[in-house]
Amino acid sequence: MRRRLIQIISAVVANPYLPSLFTKEIYQGKLKGFCVPVLNCYSCPLAIFACPIGALQHFFASARATLAVGSYQLGLYVIGTLGVVSAVIGRMACGWACPFGLLQELLYKIPSPKSEIPRFWSHFKYLFLAITVVLLPILVVDDFGYGQTWFCKWICPAGTLEAGIPMVTLNENIRGQIGFQFGFKTSLLVLFLGWMVLNRRPFCRTVCPLGAIFSFFNKVSIFKLGFDKDKCIRCNACYRVCPTALKVYENANSPDCIRCLKCINACKQNAVDYNLTMLN
Amino acid sequence: MKMKRSLLYHKPKAKIRQVTILLLLLFVALLTIGVLLGEVEIVIQKATMICLSCIGIG
């Protein structure tokens, strides 16, 4: 309950710009320079912060043109921000602050036949990160050396939901420009929304490039899960409550763990707890 | 939630602690360099324009 409240507060804090509903323009202030460690599209009419994945792609897409004119603005600010967050809390922001993660958890509550995602699918998110966020924006460029933001352009369902549909609804000029790409992204969003009803956090586990970045640091972050294997009776209470379908006894600091800490309360054997690397 | 010290079965090795500290220092350095290079202004510039790619029309 406390986590749900924090998730809702985070979603509101990242998206409080109500004037946009009347002005039909997005927020233009300085706060947009701050990258929040969640997938929250900066073209959402309500957003006041920047999406790190969108910002990162823009830096990568203009990297070759930037280097060609002797500049070195390559996204170190975004990489550093994400790295600091990752090194301290790993994927905890996914579990406590991401609005798109909250949406997935709420949709999974809809009564329906539930199923599990094959475990190896969780590797796909690294492909999405490598190909659509890093490689394509850097390698596929126009005559002036500028690439495109491939993940935003063709995949990101958060962008479609938070920015695409609201902006098309609010702004007549934008509405007049929709075509195949918008239809494709909207169809993809519908598929993802349906998938979220059937599976636990499918987007986070198989596609999200931001989760993929954070996941590299789950094992070395300051905040970690602790596990006492002598107390564990493998009752799978942790698995039943886990939003990413993990069994703590298999890997307490799995790359897919979003540090929601539900397993700590679920474990009647007190085999799971959290700890801070620096204090031990 | 109170931390139970007795449950800290996997005590992080000193090596992992060093890696954590090194990573933290590295990323703080990258962040600082990025800020000094004026990247915050670039993020503001990009994020205050409507991203047509995000919307699905560009």
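What counts and what doesn't
- Residues numbered from 1 in each chain as written.
- Chains lettered and ligands numbered in written order.
- Predicted model: local features only at pLDDT ≥ 70, side-chain atom pairs only at ≥ 80, totals over all residues.
- Heavy atoms only, no water.
- Buried < 20%, exposed > 50% of the residue type's maximum accessible area, 1.4 Å probe, protein only.
- Helix = DSSP H or I, 4+ residues; strand = E, 2+ residues; numbered from the N terminus.
- Pairing = 2+ DSSP bridges.
- Disulfide = S-S within 2.5 Å.
- 1 Å grid on protein atoms, 1.4 Å probe; cavity = no way out; pocket = protein on both sides within 12 Å on 5 of 7 lines; lining within 4 Å.
- Points joined across faces, edges and corners; volume = space filled by probe spheres on them.
- Nonpolar A, V, L, I, M, F, W, Y, C, P; charged D, E, K, R; others polar.
- Contact = heavy atoms within 4.5 Å.
- Buried area = accessible area lost by both parts, 1.4 Å probe.
- Salt bridge = Lys/Arg side-chain N within 4 Å of Asp/Glu carboxyl O.
- Core = buried A, V, L, I, M, F, W, Y, C linked by side-chain atoms within 4.5 Å.
- Phe/Tyr/Trp six-rings, centres within 6.5 Å; stacked < 30°, edge-to-face > 60°.

A. The arrangement of the pairing of strand β2 (residues 272–276) of chain A in detail. Residue and element names in this part refer to chain A. By the criterion of burial, β2 is predominantly enclosed, with four of the five residues buried. The pairing of strand β1 (residues 223–227) with β2 spans five bridges and is antiparallel. Residue Leu225 lies in a different strand from β2, and its bridge partner there is Tyr274.

B. Inspection of the state of the cysteines at higher detail. Per the counting criterion, the structure on display carries one disulfide over all chains. Cys51(B) shares a disulfide with Cys54(B); S-S distance 2.4 Å. Given an S-S torsion of about 80°, the disulfide between Cys51(B) and Cys54(B) has right-handed geometry. You'll find Cys51(B) and Cys54(B) in the same group, each marked buried. In this structure Cys204(A) is a free cysteine whose sulfur lies 6.1 Å from that of Cys208(A), the closest cysteine sulfur available. Residue class for Cys204(A) comes out buried when judged on its relative accessible area of 5%.

C. Quick peek at empty space enclosed by the protein. All names here are of chain A. Inspection of every chain in the model, using the stated rule, returns four cavities of 30 Å³ or more. Computed from the structure, the largest cavity encloses a volume of approximately 120 Å³. Taken together, 15 residues make up the lining of the largest cavity; nearest its centre are Leu225, Cys242, Val248, Cys257 and Cys263. Taken together, the residues that form the lining of the largest cavity break down as twelve nonpolar, one polar and two charged.

D. Quick look at the interface of chain A and chain B. Contact residues are listed per partner, giving 69 residues for chain A and 43 residues for chain B. Surface buried jointly by chain A and chain B totals about 4,900 Å² across both partners, of which 69% is contributed by carbon and sulfur atoms. Applying the counting rule to chain A against chain B returns zero salt bridges. Counting only elements with at least two residues in the side of chain A that touches chain B, the list comes to α3 (52–61), α5 (76–89), α9 (150–154), α10 (157–170), α12 (180–198), β1 and β2 of chain A. Of all the elements, α5(A) adds the most residues to the side of chain A that touches chain B, at ten residues.

E. Summary view of the nonpolar core. Grouped together as the largest cluster of nonpolar side chains are 61 residues, with contacts concentrated most on Leu39(A), Ile53(A), Val78(A), Phe151(A), Phe203(A) and Val43(B). Once residues lying within four places of it in the same chain are set aside, the contact partners of Ile53(A) are Leu39(A), Val133(A), Phe151(A), Pro209(A), Leu210(A) and Ile213(A). One finds Ala252(A), Cys257(A), Ile264(A) and Cys267(A) within the second-largest nonpolar core, a separate group that totals 19 residues.

F. Geometry of the packing of aromatic side chains. All names here are of chain A. Inspection of the entire model under this criterion finds 14 aromatic pairs over all chains. When the centroid spacing of 5.2 Å and the interplanar angle of 65° are considered together, the rings of Tyr17 and Tyr27 count as edge-to-face. Taken together, the residues Tyr17 in the loop between α1 (2–14) and α2 (20–23) and Tyr27 in the loop between α2 and α3 connect sequence positions ten residues apart. Given a relative accessible area of 16%, Tyr27 falls into the buried group. A ring pair is formed by Phe192 and Trp195, whose centres lie 6.1 Å apart and whose planes are at 25°; its orientation type is stacked. A residue pair is termed a helical-turn pair when its members lie 3 or 4 positions apart in one helix, as Phe192 and Trp195 do in helix α12 at three residues. Residue Phe192 is classed as buried on the basis of its relative accessible area, which comes to 7%.

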